[in-house]
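Examining the three-dimensional arrangement
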Amino acid sequence: MVKRFSRCREDFVCEHCGAQVIGDGYTNHCPSCLYSKHVDIQPGDRRELCLGPMEPVSVEVSREKYVVVHRCLKCGVVRRNKAVKDDDVEVMIRLSARPRAL
Ligand SMILES: [Zn+2]
Ligand SMILES: [Zn+2]
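Let me begin by describing the structure that accompanies this report.

Definitions and limits used
- Residues numbered from 1 in each chain as written.
- Chains lettered and ligands numbered in written order.
- Predicted model: local features only at pLDDT ≥ 70, side-chain atom pairs only at ≥ 80, totals over all residues.
- Heavy atoms only, no water.
- Donors = N, O, S within 2.8 Å, 3.2 Å for Na, K, Ca; no water.
- Tetrahedral: all angles 85-135°; square planar, octahedral: opposite > 155°, others 65-115°.
- Helix = DSSP H or I, 4+ residues; strand = E, 2+ residues; numbered from the N terminus.
- Buried < 20%, exposed > 50% of the residue type's maximum accessible area, 1.4 Å probe, protein only.
- Contact = heavy atoms within 4.5 Å.
- 1 Å grid on protein atoms, 1.4 Å probe; cavity = no way out; pocket = protein on both sides within 12 Å on 5 of 7 lines; lining within 4 Å.
- Points joined across faces, edges and corners; volume = space filled by probe spheres on them.
- Pairing = 2+ DSSP bridges.

1. Here we look at the coordination of the zinc ion (ligand 2)
Six octahedrally arranged donors around a metal ideally form angles of 90 or 180 degrees; four tetrahedrally arranged donors ideally form angles of 109.5 degrees. Coordination of the zinc ion (ligand 2) by the protein comes from His 38 (ND1), Cys 50 (SG), Cys 72 (SG) and Cys 75 (SG), over a distance range of 1.9 to 2.4 Å. One can describe the donor arrangement at the zinc ion (ligand 2) as tetrahedral, given that its four donor atoms subtend angles of 104 to 118° at the metal. For the zinc ion (ligand 2), all donor residues lie on one chain, and their spacing in sequence is H-x11-C-x21-C-x2-C. A residue pair is termed long-range when its members are at least 10 positions apart, and His 38 in the loop between strand 3 (36-37) and strand 4 (53-62) and Cys 75 in the loop between strand 5 (65-72) and strand 6 (78-82) qualify at 37 residues. Under the relative-accessibility criterion, Cys 75 is labelled partly exposed at 45%.

Below is the structure:
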């Protein structure tokens, strides 16, 4: 058994709320609290050395798709990530109702 295609799947435990997250290769944030982690320089490359927790600060709607705006609590970088179907809609609604404070 050669695991050649295992690179995409990353299961992790959310550092913010402790939820067990089953990665599907696209997930880079916790579906329960939407916290992410600063691991990419370019989307998906996992080459960032910061590794700070990224707080969801707002939600934008772009062409009827939700985009979660994350801000790194360590270095302050702001990133936009497409929401995935497992993301907690309640959390997103709460975030989108929040005034933007970027
Ligand atoms: Zn979480
Ligand atoms: Zn960072």
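Now that the structure is up, let's keep going.
2. Section: the coordination of the zinc ion (ligand 1)
At this site the zinc ion (ligand 1) is bound by Cys 14 (SG), Cys 17 (SG), Cys 30 (SG) and Cys 33 (SG), with donor distances of 2.3 Å. Geometry at the zinc ion (ligand 1) is tetrahedral, judged from its four donor atoms and the angles of 106 to 112° they form at the metal. Considered as a linear motif, the donors of the zinc ion (ligand 1) on their single chain read C-x2-C-x12-C-x2-C. Comparing Cys 30 with Cys 33, the two get one shared label, buried.

3. So, the side chain of His 38
Judged by relative accessible area, which is 3%, His 38 ranks as buried. If we skip the residues at most four places from it in the chain, His 38 touches Glu 48, Cys 50, Leu 51, Gly 52, Met 54, Cys 72, Cys 75, Val 77 and Arg 79.

4. Brief notes about the layout of surface pockets
Size it by volume and the second largest pocket reaches roughly 300 Å³. Around the second largest pocket, the lining is made up of 17 residues, and of these Phe 12, Asn 28, Ser 36, Lys 37 and Val 39 lie nearest the centre. Those elements that place two or more of their residues in the lining of the second largest pocket are strand 1 (12-13) and strand 3.

5. Some points on the pairing of strand 5
Two strands pair when backbone bridges link them, and strand 4 and strand 5 are joined in this way by eight bridges, in the antiparallel orientation. What sits directly across from Pro 56, in strand 5, is His 70. Taking the residues that link successive antiparallel strands as the turn, the strand 4-strand 5 hairpin has two residues, and the phi of Arg 63 there is positive, at about 50°. By the bridge criterion, five bridges tie strand 5 to strand 6 in an arrangement that is antiparallel. Each bridged residue has a counterpart across the sheet, and for Val 68 the counterpart in strand 6 is Asn 81.

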